[in-house]
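Structural features, examined
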Amino acid sequence: YNQKNKSYHDYGGRGIKVYPDWLGENGPINFLNYLKATIENRPSPKHLIDRIDNDKGYEPGNLRWATRHEQNLNQRLRKNKTSQFRGVHWHTFKNKWVWEIRINGKAKGGSCESEEIAREKFLEAYYYHYKKFPPEYSPVKVVSNVAQGK
């Protein structure tokens, strides 16, 4: 693991490793054999290998095929976030909490007086678009008309 690599802090620095049997001379063959035996064929060219639990490494039981969209939904919260919630951050210039969701590459969002209200707005928009909640938020009771499709 190269500590000089610009992405090291996101992977090796967090303890994310590749299963030892998948490294070395026979590693690629072992890895392909694992894929064939467990998660089968790639469903489409849009599917890539994804870690189910982002805090674990590339190891047996932690891999799946996922689209880029599914991978984006499976990201961890960044350490430099100003909020404890996904999709919410403090906007210094506005002096408000901002929520944001990306739909087909376009940002949708707004600003709020409190972090909790921004979280609720983010969840409403997320649920309205994806028909489910992000994994770290489930279960969440939604009472707004927007989230209920009214």
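Residues numbered from 1 in each chain as written. Predicted model: local features only at pLDDT ≥ 70, side-chain atom pairs only at ≥ 80, totals over all residues. Heavy atoms only, no water.

This next bit is on the nonpolar core. One finds V88, W99, I101, A118, F122 and Y126 to be the most contacted residues of the largest nonpolar core, which totals 13 residues. With six residues, helix α3 (residues 115-130) is the single largest residue contributor to this core. Among all residues touching I101, those that are not within four sequence positions of it are K106, A107, K108, F122, A125, Y126 and Y130. Within the second largest apolar cluster, six residues are counted, among which are W22, Y34, I39 and L63. (Core = buried A, V, L, I, M, F, W, Y, C linked by side-chain atoms within 4.5 Å. Buried < 20%, exposed > 50% of the residue type's maximum accessible area, 1.4 Å probe, protein only. Helix = DSSP H or I, 4+ residues; strand = E, 2+ residues; numbered from the N terminus. Contact = heavy atoms within 4.5 Å.)

Let us now look at the confidence of the model for the protein. Of all residues in the protein, 83% have pLDDT values of 70 or greater, and the mean over the chain is 81. By mean pLDDT, the top-scoring element of the protein is α3 (90), and the lowest-scoring one is helix α2 (residues 68-73) (74). The low-confidence segment residues 139-150, where pLDDT is below 50, has 13 contacts with residues more than four positions distant or belonging to other chains. (pLDDT = per-residue confidence, 0-100.)

As for its placement among the helices and strands, Y58 is situated in the loop between β1 (48-51) and β2 (63-66). Relative accessible area serves as the criterion here: at 27%, Y58 is assigned to the partly exposed category. The sequence separation of Y58 and V18 amounts to 40 residues, and the corresponding C-alpha distance is 4.7 Å. For Y58, the contacting residues outside a window of four places in its chain are Y11, I16, K17, V18, Y19, W22, R51 and L63.

This part is about the environment of P43. Tracing the backbone shows P43 in the loop between α1 (27-38) and β1. Judged by relative accessible area, which is 53%, P43 ranks as exposed. Note: C-alpha distance between P43 and T67 (24 residues apart in sequence) is 9.6 Å.

What follows deals with the environment of K131. Tracing the chain through its elements places K131 in the segment after α3. Residue classification places K131 among the exposed positions, given a relative accessible area of 58%. Within the local environment of K131, its side chain forms a polar contact with the backbone oxygen of Y128, the two atoms lying 2.7 Å apart. (Polar contact = N/O pair within 3.5 Å; in protein donor to acceptor, adjacent residues only side chain to side chain.)

Another aspect to go through is the pairing of strand β4 (residues 96-103). Pairing of strand β3 (residues 88-91) with β4 involves four bridges; the strand directions are antiparallel. Residue pairing across strands places H91 opposite K96, the latter belonging to β4. Linking β3 to β4, which pair antiparallel, is a turn of four residues; within it N95 sits at a positive phi near 60°. With seven bridges connecting them, β4 and strand β5 (residues 106-112) associate as antiparallel partners. The residue of β5 that forms the bridge with W97 is C112. (Pairing = 2+ DSSP bridges.)

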